[in-house]
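# Survey of secondary and tertiary structure
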Amino acid sequence: MRGRPMLYTRYESDQALLNTGTKKVMMGLFIVLLVLIPFGVVPGLTFLSQPDWMRLLSTVCIFAVGALGLNILTGLAGQVSLGHAFFMGLGAYTAAWFGVEPGPLSGLGLPMWVWLPLAGLVPAIVGVLIGPVAVRVRGLYLAFVTLGLVFIGEYIFRNWVYATGGPDSGRTFPSLEWKIWKEETPLVDFQSDGVWFGVEIIEEAKTYFLMLLLLVIFVLLAKNIQRTRVGRAFQSIRDRDIAAEIMGVNEVQYKLVAFGLSSFYAGIAGALLATFIGRTIPERWNLFLSVQFIAIILIGGAGVVSGVILGSVFVTVLPRLVQDFSSWLADYVSEGEGAFVWLADLFISTGSGDFGLVNTLPGVGPGLSVFQFNQVLYGLLIILFLIFEPLGLYGIWLRIRNYWKGWPFTY
Amino acid sequence: MPGGKRPKSGGIKLSGKLLRRNSERWGPENYDHLLEVKDIHLSFKGVKAIDDVSFHVDDGELFAIIGPNGAGKTSLFNSINQVYHPQEGDILWKGESLMGLKPNVTAERGLARTFQNIALYPHMTVLENILTGRHVRMDSGWLAGSIWWGKAKREEMANREVVEGIIDFLEIEQWRKYPVGLLPYGVQKRVELGRALAMDPELLMLDEPVAGMNLEETEDMARFILDVQDELDIAIILVEHDMGLVMDIADRVLVVDFGKPIAVGPPAEVQANPNVIKAYLGEEVEAG
């Protein structure tokens, strides 16, 4: 596509992921921005280069990878699944089994390029094996079957102490480092401060770059699956399953493929989350984690990759914002000055005698903890988005974009 | 217009060569009839939907099935597609039985259809909808697709070209990138025809293609149907209530009533059949 009148001369350029000049420029700038963030040189966003915000951004990337997986199953193929947490746990413990140095718990001490793909493959295989049960039911029934999966998984994780460390202490996971084989010093260590290309870089920023790179790879794979034959088959099953079959789509086969791919993504995300946190207990892979992923794709926009990423940012950063906001409110109330203290006081509970919706001192007095309040918020947001904006944040973005496309005209 | 000359179409010709690219025809070279339905019975519990219906369709023929509402016309389509499984009888496709196959296998063997109540994928664009029709003529899997490289990419591009040919033929260029759910009814009907054509079928089953359309839209659709039959040499089974259309374009007509066949033959012959008149208009009551 060059010169006026800006026509496509090949189908390839029309089908490209970034098929207009504007998209190419914007995406380029966005990537540059993401790369510059850890160095604290972006005006207005310097706070993001703080270690705690860097960790939060890494978490966003990890959650986005997991949500991309659920998006393939739920957003594209239309199969609601609450079992995502189970596959994430499976991926995490597979990573531990292959990646951790031999010790009292399972561990083979293999490098990252072995344990990371396996952390995806093992859940994918399990997903395809469980699939035949799951593809027989649809809708609400499927949600219940996969709900059972989470509880069975949690039971197994709690009791298989050799693999998971049990519910008391949990276990450690492989460290994020790039080794060729089992040598002493890794080529790249993502979990210690160091110098890259002559620039000093903190541990958290290194991890962030790794997660960002992995996210970009998985976004590309997901986008490509979505725009080719298999992705269209998924979407046709979602929209009209019987018509899809009459049009030649083997429903059972493609649902199984969707289960497998989704579990692969989940496993990778689980392994990354566990290694990122370092030590975790089996209860981490519980229903709440699954619900968080449902929240991500519903709030972000089901079936749209950019929506899923928006959703991941939203759902992951929300607790932090609530936390900061509550402590800011608590300070505001304790200072006791200003016109809206009474309003803030209604919202926040600061002591045993003080009533409020959110309690900044857990265990003291009435009110929800920040964590509980977040859960309520997720639920509320899912309901609101389902009713008012089924396309999620992506839908809101579409509306803003279309408004400015036509501006100053109304259409 | 049997026997007479058909009106020349002004639209763009869809070349069979383009449509048939990369397609392999299923089945034997020689057979008695393209499709042969033999004495099929289909009942749901006590309700007899199809009762002893037989007919056959030959290559390149435009065969119409008519009958009052609830006569079992759509059930016939569903039986041929193996969505329903008739309890008795046999359905032969190029001499081999379709009975017991899965619906997607019938699609692979060259049967395509449209639906009475449009069954497009509303959240996908026109382009994607028609591309799903190419599903049976493509073979790259998820692994090849996920890296968008080499054969999978070439296959996507080649099939995009086929789909563009269909879009030109059906004159829906301006809707190409719209989600189908947003389009007007008449356009959706065309897209559905396009999706069926994209399968490069040997038999096209059209379930009420002009239901709810005005005269102009009906004439457009009739033109597309005739072009498909003439230019692409695809046999067609047409279920339709618009008698004017059926009598004008069908080569042979089957009339069913309450699941039973009551007449089959050329349009003029069927129109004169007293049983058909009885089924449609009821019996004359002797004035006492």
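Residues numbered from 1 in each chain as written. Chains lettered and ligands numbered in written order. Predicted model: local features only at pLDDT ≥ 70, side-chain atom pairs only at ≥ 80, totals over all residues.

### A short note on the overall build of chain A
- What chain A contains, in helices and strands, is 17 helices and eight strands.
- Relative to a compact globule of 411 residues, whose C-alpha radius of gyration would be 22 Å, chain A shows 23 Å and is just as compact.
- Dimensions of chain A, computed from C-alpha atoms along their principal axes, come out at roughly 65 × 65 × 55 Å.
- Counting over 411 residues, chain A shows a buried share of 43%. (Helix = DSSP H or I, 4+ residues; strand = E, 2+ residues; numbered from the N terminus. Rg over C-alpha atoms; globule rule 2.2 N^0.38 Å. Buried ≥ 20, exposed ≤ 12 C-beta atoms within 10 Å, placed from the backbone.)

### Observations concerning the overall build of chain B
- If you tally the helices and strands in chain B, you get 11 helices and 10 strands.
- At 20 Å, chain B has a C-alpha radius of gyration in line with the 19 Å of a compact globule built from 288 residues.
- Dimensions of chain B along its principal axes, counting C-alpha atoms only, are 80 × 40 × 35 Å.
- Counting over 288 residues, chain B shows a buried share of 44%.
- Within chain B, counting contacts between residues at least 6 apart in sequence, those at least 24 apart form 71% of the total. (Contact = placed C-beta atoms within 7 Å.)

### Thoughts on the interface of chain B and chain A
- Counting residues at the interface gives 34 residues for chain B and 25 residues for chain A.
- At the level of secondary structure, the elements contributing two or more residues to the side of chain B that touches chain A comprise α3 (103-108), α4 (126-133), α5 (142-147) and α6 (150-169) of chain B.
- Looking at the side of chain B that touches chain A, the element that brings in the most residues is α6 of chain B, giving five residues.
- Partitioning the side of chain B that touches chain A into residue classes produces 17 nonpolar, 10 polar and seven charged. (Nonpolar A, V, L, I, M, F, W, Y, C, P; charged D, E, K, R; others polar.)

### Observations concerning the pairing of strand β7 (residues 203-207) of chain B
Residue and element names in this part refer to chain B.
- In terms of burial, β7 is largely enclosed, as five of its five residues are buried.
- Neither face of β7 is open: one carries Leu-203, Met-205 and Asp-207, the other Leu-204 and Leu-206, and all of them are buried.
- Direction of pairing for strand β6 (residues 111-113) relative to β7: parallel, over a ladder of three bridges. Its bridge partner being in β7, Leu-111 is matched across the sheet by Leu-203.
- With five bridges connecting them, β7 and strand β8 (residues 235-239) associate as parallel partners. Following the sheet pairing, Leu-203 is matched in β8 by Ala-235.
- One crossover worth recording links β7 to the parallel β8 by way of helix α8 (residues 215-232), and it is right-handed. (Pairing = 2+ DSSP bridges. Right-handed = clockwise from strand over helix to strand, strands pointing away.)

### A word on the domain arrangement of chain A
Residue and element names in this part refer to chain A.
- By the assigned domains, chain A splits into domain 1 (50-299) and domain 2 (304-411).
- Inter-centroid distance (C-alpha atoms) of domain 1 to domain 2 is 27 Å.
- Across the contact, 19 residues belong to domain 1 and 18 residues belong to domain 2.
- For the side of domain 1 that touches domain 2, the secondary-structure elements that each account for two or more residues are α3 (51-76), α9 (203-227) and α13 (287-300). (Domains from an automatic or database assignment.)

### Let's talk about helix α2 (residues 73-80) of chain B
- When you tally the buried positions in α2 of chain B, you get eight out of eight residues, the bulk of the element.
- Where α2 of chain B is concerned, the buried positions are Lys-73, Thr-74, Ser-75, Leu-76, Phe-77, Asn-78, Ser-79 and Ile-80 of chain B.

### A closer look at the domain arrangement of chain B
All names here are of chain B.
- As assigned here, chain B comprises domain 1 (33-110 + 201-281) and domain 2 (120-200).
- The straight-line distance from the C-alpha centre of domain 1 to that of domain 2 is 26 Å.
- The partner domain 2 presents 10 residues to the 11 residues of domain 1 that form the contact.
- Elements supplying a minimum of two residues to the side of domain 1 that touches domain 2: α3 and α8.
- Counting residues per element, the side of domain 1 that touches domain 2 draws most heavily on α8, at four residues.
- Within the side of domain 1 that touches domain 2, the residues separate by chemical class into eight nonpolar, one polar and two charged.

### Here's the deal with the confidence of the model for chain B
All names here are of chain B.
- Counting all residues, the mean pLDDT for chain B is 89, and 94% of those residues have values of 70 or more.
- Looking across chain B, the model is least confident in helix α1 (residues 16-19), with a mean pLDDT of 79, and most confident in α4, with 96.
- Of the two predicted TM-score estimates for the complex, the pTM is 0.92 and the ipTM is 0.91. (pLDDT = per-residue confidence, 0-100.)

### Some points on the sheet that holds strand β1 (residues 35-44) of chain B
All names here are of chain B.
- Read across the sheet, four strands follow the order β2-β1-β4-β5 without closing on themselves; strand pairing throughout is antiparallel. One side of each edge strand has no neighbouring strand; the edge strands of this open sheet are β2 (47-57) and β5 (96-97).
- Bridge analysis of β1 against β2 gives eight bridges, and the strand direction is antiparallel. Counted as the bridge partner of Val-37 is Phe-55 from β2.
- Packed onto the sheet, α2 meets β1, β2 and β4 (88-93) and runs at close to 65° relative to β2. (Axes fitted to C-alpha atoms, helices over the stretch in contact; angles between N-to-C directions.)

### Re the pairing of β4 of chain B
Residues and elements named next belong to chain B.
- Here five bridges tie β1 to β4, and the two strands are oriented antiparallel to one another. Bridging from a neighbouring strand, His-41 pairs with Glu-88 of β4.
- Bridging between β4 and β5 involves two bridges; their strand directions are antiparallel. Across the sheet, the residue bridging to Trp-93 is Glu-96, located in β5.
- Following β4, the chain reverses through two residues before pairing antiparallel with β5; Lys-94 in that reversal takes a positive phi of roughly 50°.

### Examining the sheet that holds strand β3 (residues 62-66) of chain B
All names here are of chain B.
- Pairing within the open sheet is mixed, and its six strands lie in the order β6-β7-β8-β3-β9-β10. Whereas interior strands pair on both sides, the edge strands pair on one side only; in this sheet they are β6 and β10 (260-265). Between one strand and the next, the sheet's axes are offset by a mean angle of 20°, whatever the strand orientation.
- Taken together, the four bridges between β3 and strand β9 (residues 252-257) define a ladder with parallel strand orientation. Bridging from a neighbouring strand, Ile-65 pairs with Leu-254 of β9.
- Of the strands in this sheet, β3, β6, β7, β8 and β9 touch α2, which is tilted by about 150° from β7.
- Helix α11 (residues 274-281) rests against β9 and β10 of the sheet, and its axis sits at about 130° to β10.

### A closer look at the nonpolar core
- Ranked by size, the top nonpolar core spans 177 residues in total, and within it Val-65 of chain A together with Ile-236 of chain B carry the most contacts.
- Among the elements that line this core, the one with the most residues is helix α12 (residues 251-277) of chain A, at 15 residues.
- Discounting chain neighbours no more than four positions away, the residues touching Ile-236 of chain B are Leu-62, Phe-63, Leu-204, Leu-206, Ile-225, Val-228 and Gln-229 of chain B.
- Among the nonpolar cores identified, the runner-up in size contains five residues, and Leu-329, Val-333, Ile-348 and Val-358 of chain A belong to it. (Core = buried A, V, L, I, M, F, W, Y, C linked by C-beta atoms within 7 Å.)

### Focus: the environment of Gly-259 of chain B
All names here are of chain B.
- Its location among the elements puts Gly-259 in the loop between β9 and β10.
- Among the residues examined, Gly-259 registers 23 C-beta atoms within 10 Å and is labelled buried.
- C-alpha separation for the pair Gly-259 and Glu-202, spaced 57 residues apart in sequence, amounts to 26 Å.
- Once you skip the residues sitting within four places of it in the chain, Gly-259 turns out to touch Lys-48, Ala-49, Ile-50, Asp-51, Ala-71 and Gly-72.

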